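A closer look at the structure
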Amino acid sequence: MRDIAVVASMQRQEKSIDNESEVEYMVPLMHGVKESIGITQADVGFTCSGSSDFIAGQAFSFVMTVDGANPVPPISESHVEMDGAWALYEAWVKMQMGEIDIALIYGYSKSSGGSLRDVLATQMDPYYVAPLWPDAFAIEALAARQLIESGKTSMEHLAELASRARDHAASNPNAVRTKAKSVADIMAEAPLMDPLRPSDIPASADGGCALILAAGDRARELCERPAWIRGIDHRTDAHTLGVRDLTTSMSARIAGEQAGVSDDKVDFAELYAPFTTSELVLTEALGLGDDTIINPSGGALSAHTMMASGLIRIAEAAQRITNGDGDRAVATAGSGPNLQQNLVCVLEGE
Amino acid sequence: MSGSKQRAAVIGVGQTKYASTRGDVSLAGLVREAAYRALEMAGKQWSDIDAVVIGKAPDFFEGIMMPEIYLAEALGCVGKPILRVHTAGSVGGSTAVVATSLVQAGIHGTVLTLGFEKQSESNAMWALSLPSPFTTSINAGAGGYFSPIIRRYMEYSGAPELIGCMVALKDRQHALNNPYAHVQDHELTFDKVVESPMLWDPIRYSETCPSSDGACAMVLTDETGAEAHDGAVAWIHGTAMRSEANNYGGRNVVSPKASEDCAADVFAQAGITNPREQIDAVEMYVPFSWYEPMWLESLGFAEKGEGWRMVESGATKHEGGDLPVNCSGGVLSTNPIGASGMIRFAEAALQVMGEAGAHQVDGAKTAFGHAYGGGAQYYAMWVVGAEKP
């Protein structure tokens, strides 16, 4: 595989961005990330984005946003109706052919305009499940119940994960849930969707992320310590409720194996785990041990921007590599109910 | 490491019967109908497929957010990668291009790619009348957006008023040779096209694409797979995608720069210097009749201002034309939006495979597939050939 690295990223996440449209707040990120390493759109060989019409509440919503990439003269460009991490994957594939050296990736959403947990119910089987309107928290509560009853976790253990996420988020300016809360206080929370408590569910955010990939020596020119993508793979599980064991993730396990997670020590992992329960499932599926720091940014529990949270995990992991905080990291992205779909990316410094 | 590009080829094409309402199948049933046929033609099983790349237009058309999540089992991709592309009307073409890149980059050996739309679930015309916040929407459907651009073309080219009607009749007659095509009107005459109601002047009802349910799928494979394949093969000689802003000072709305750049890129890859001479069959995205002469010029098949003469002379007809365009009946006869681009790509492949049945262009060796979307700002194109590039 050709050596491709994350060389720069820029993100913005807030509880709600009220006075700017998606295009208005993405333009500074899309251009800022290029300016931060001294390149322009003319240097970019491929542009790729991820977003959702359902969250934007408008068909072809991404058509407006592409104007922000400054596509005059025309650009080579694509879009996935997925988290921006899959846009990064599409760009990485394209870069493997050796024809382009630099790609711009972005992902975004502004979910504060509606009720995201209800909107996500429209992802379910449209004939048998969606008409029952099971919201996203209810669907994950099924997994939480299975995990607890199987003995894989306890309410207290989940509270520990939630408390730690808040501690980590305290030092992340982009996190929206940063207030420290003890395990005892989380244990005292009334369930929101039994057994999930408010601290077990994601802190919803508006925002986005723009990121630059560069190949080989071009990456070394643009960044002192590029975060090299050593493996990247994505897989899906079955969708139908009841056919999956929700206490494990086959898709994350296979993607992790394909990406080579266990080939060496993992210093830290940025997991797309919107719920405490998803963190548990992913940590086990990827075989991460106690020597790996999980979600040093606070993770998606502390700031969950749909369509960008996976890309932000990659950006966060890459930034830590670039900063020299570690040498090897894992980042994941996810999609669908109970993390039906997972992407795993292994990043390393030189 | 510099990276390298592998050869890729189409070994299977599958299409559903297109209709205004496919009430006999669920969404899963619709996509499987196309996927099965593609697998059958390719001589492959679900287990031979390494990854699925799926495309469709806005999720609002069916009211399901990211329907590929629900389709995971139906598309046999549990435990496998599935990637969902959405690039407006060009999406079917873009999806095929992304799927091709997975093979060309050496990531996967055999990929299933599929585009679909079940437009009977909603009203596509109003779904395409984009209401933007703080902006008055004056368009009713895509025709409302494109009709002023067509009038601009008529004015500058001096094309006779009824050229569009000639295209419409031609494509609807071509559709009679394609059992999958949605609109099958054996009684249609030129006069009936001309007399059909004016929807968006100068676009008449019969010069407009239908709203269809349907899916189209292809099996793509690498060089080894294509050489081992028993049946016909369409080698991919070039792929390209371009996007540009919807509106900017000096934009040529009749022949957007992104269209010209995309064509120049894909023809360069395929070694095509004279498209009209070198290409034997064209499947071009013509949702409104006048886009045939407009694209003929933009893509370099005709000189600027002269595309309508090719229509008038019958050069783009299956029977007797030297550059048959849309022998399948085109978008004017079948339009499940998320699949429409892929149908163009797949029909181009069928032509060079010699598998296009009654609408086969005799001896077609090189064919061109084309899709566009948004405000004529998204483009995807490919050139396929019977010979290995």
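All figures in this text were calculated on a predicted structure; none of them were measured in a lab. (Residues numbered from 1 in each chain as written. Chains lettered and ligands numbered in written order. Predicted model: local features only at pLDDT ≥ 70, side-chain atom pairs only at ≥ 80, totals over all residues. Heavy atoms only, no water.)

**A short note on the interface of chain B and chain A**
- At the interface, 58 residues of chain B touch 59 residues of chain A.
- A buried area of about 5000 Å², summed over both sides, lies between chain B and chain A, and 66% of it is on carbon and sulfur atoms.
- Our enumeration of links across chain B and chain A arrives at 1 salt bridge.
- Residue A:Glu99 pairs with B:Lys5 through a salt bridge whose shortest N-O separation is 2.9 Å.
- At the boundary of chain B with chain A, the tally comes to 17 residue pairs in polar contact (both at pLDDT 80 or more).
- Only strand S3 (82–85), helix H2 (91–104), strand S8 (234–243) and helix H8 (257–269) of chain B provide two or more residues apiece to the side of chain B that touches chain A. (Contact = heavy atoms within 4.5 Å. Buried area = accessible area lost by both parts, 1.4 Å probe. Salt bridge = Lys/Arg side-chain N within 4 Å of Asp/Glu carboxyl O. Polar contact = N/O pair within 3.5 Å; in protein donor to acceptor, adjacent residues only side chain to side chain. Helix = DSSP H or I, 4+ residues; strand = E, 2+ residues; numbered from the N terminus.)

**A short note on the pairing of S8(B)**
Residues and elements named next belong to chain B.
- The buried fraction of S8 amounts to 10 of the 10 residues, a majority that puts the element mostly inside the structure.
- Bridging between strand S1 (residues 8–15) and S8 involves 2 bridges; their strand directions are antiparallel. Looking across to S8, one finds that Ala9 is bridged to Trp235.
- In this sheet, strand S11 (residues 378–385) lies alongside S8 in antiparallel orientation, the contact comprising 8 bridges. Of the residues in S11, the one forming a bridge with Ser243 is Tyr378. (Buried < 20%, exposed > 50% of the residue type's maximum accessible area, 1.4 Å probe, protein only. Pairing = 2+ DSSP bridges.)

**Quick look at empty space enclosed by the protein**
Residue and element names in this part refer to chain A.
- Per the counting criterion, the structure on display carries 4 cavities of 30 Å³ or more.
- Here the largest cavity defines a volume of roughly 80 Å³.
- Along the walls of the largest cavity sit Glu140, Ala143, Arg244, Leu246, Thr248, Ser249, Thr277, Ser278, Val281, Asn338 and Leu339, which together make up its complete lining.
- Elements with a contribution of two residues or more to the lining of the largest cavity: helix H6 (136–149) and helix H11 (276–285).
- Taken as a whole, the second largest cavity encloses approximately 50 Å³ of empty space.
- For the second largest cavity, the full set of lining residues is Ala238, His239, Thr240, Leu241, Gly242, Arg244, Leu246, Pro337 and Asn338. (1 Å grid on protein atoms, 1.4 Å probe; cavity = no way out; pocket = protein on both sides within 12 Å on 5 of 7 lines; lining within 4 Å. Points joined across faces, edges and corners; volume = space filled by probe spheres on them.)

**Digging into the pattern of salt bridges**
All names here are of chain B.
- The final tally for this structure, using the stated rule, is 45 salt bridges over all chains.
- As a salt-bridge pair, Glu33 and Arg22 come within 2.6 Å of each other at their nearest N and O atoms. In this pair, Glu33 sits in helix H1 (residues 27–42) while Arg22 sits in the loop between S1 and H1, placing the two residues 11 residues apart along the sequence.
- A residue is classified by how much of its surface remains accessible, and Glu33, at 16% relative accessible area, is buried.

**What about the side chain of B:His108?**
- Considering the arrangement of structural elements, one finds B:His108 in the loop between H2 and strand S4 (110–118).
- A residue is classified by how much of its surface remains accessible, and B:His108, at 9% relative accessible area, is buried.
- If we skip the residues at most four places from it in the chain, B:His108 touches A:Tyr89, B:Asp50, B:Ala51, B:Pro81, B:Leu102 and B:Val103.

**Section: the domain arrangement of chain A**
Residue and element names in this part refer to chain A.
- Per the domain assignment, the segments of chain A are domain 1 (4–115 + 204–222), domain 2 (124–200) and domain 3 (228–348).
- Distance from the C-alpha centre of domain 2 to the C-alpha centre of domain 3: 17 Å.
- Between domain 2 and domain 3, the contact holds 31 residues from the first and 27 residues from the second.
- At the boundary of domain 2 with domain 3, total buried surface from both sides reaches about 2400 Å², with 61% on carbon and sulfur atoms.
- For the interface between domain 2 and domain 3, the tally reads 2 salt bridges.
- Counting every contact that joins domain 2 to domain 3 gives 16 residue pairs in polar contact (both at pLDDT 80 or more).
- For the side of domain 2 that touches domain 3, the secondary structure elements donating two or more residues are H6 and helix H7 (155–169).
- Here the side of domain 2 that touches domain 3 takes 9 residues from H6, the largest share from any one element. (Domains from an automatic or database assignment.)

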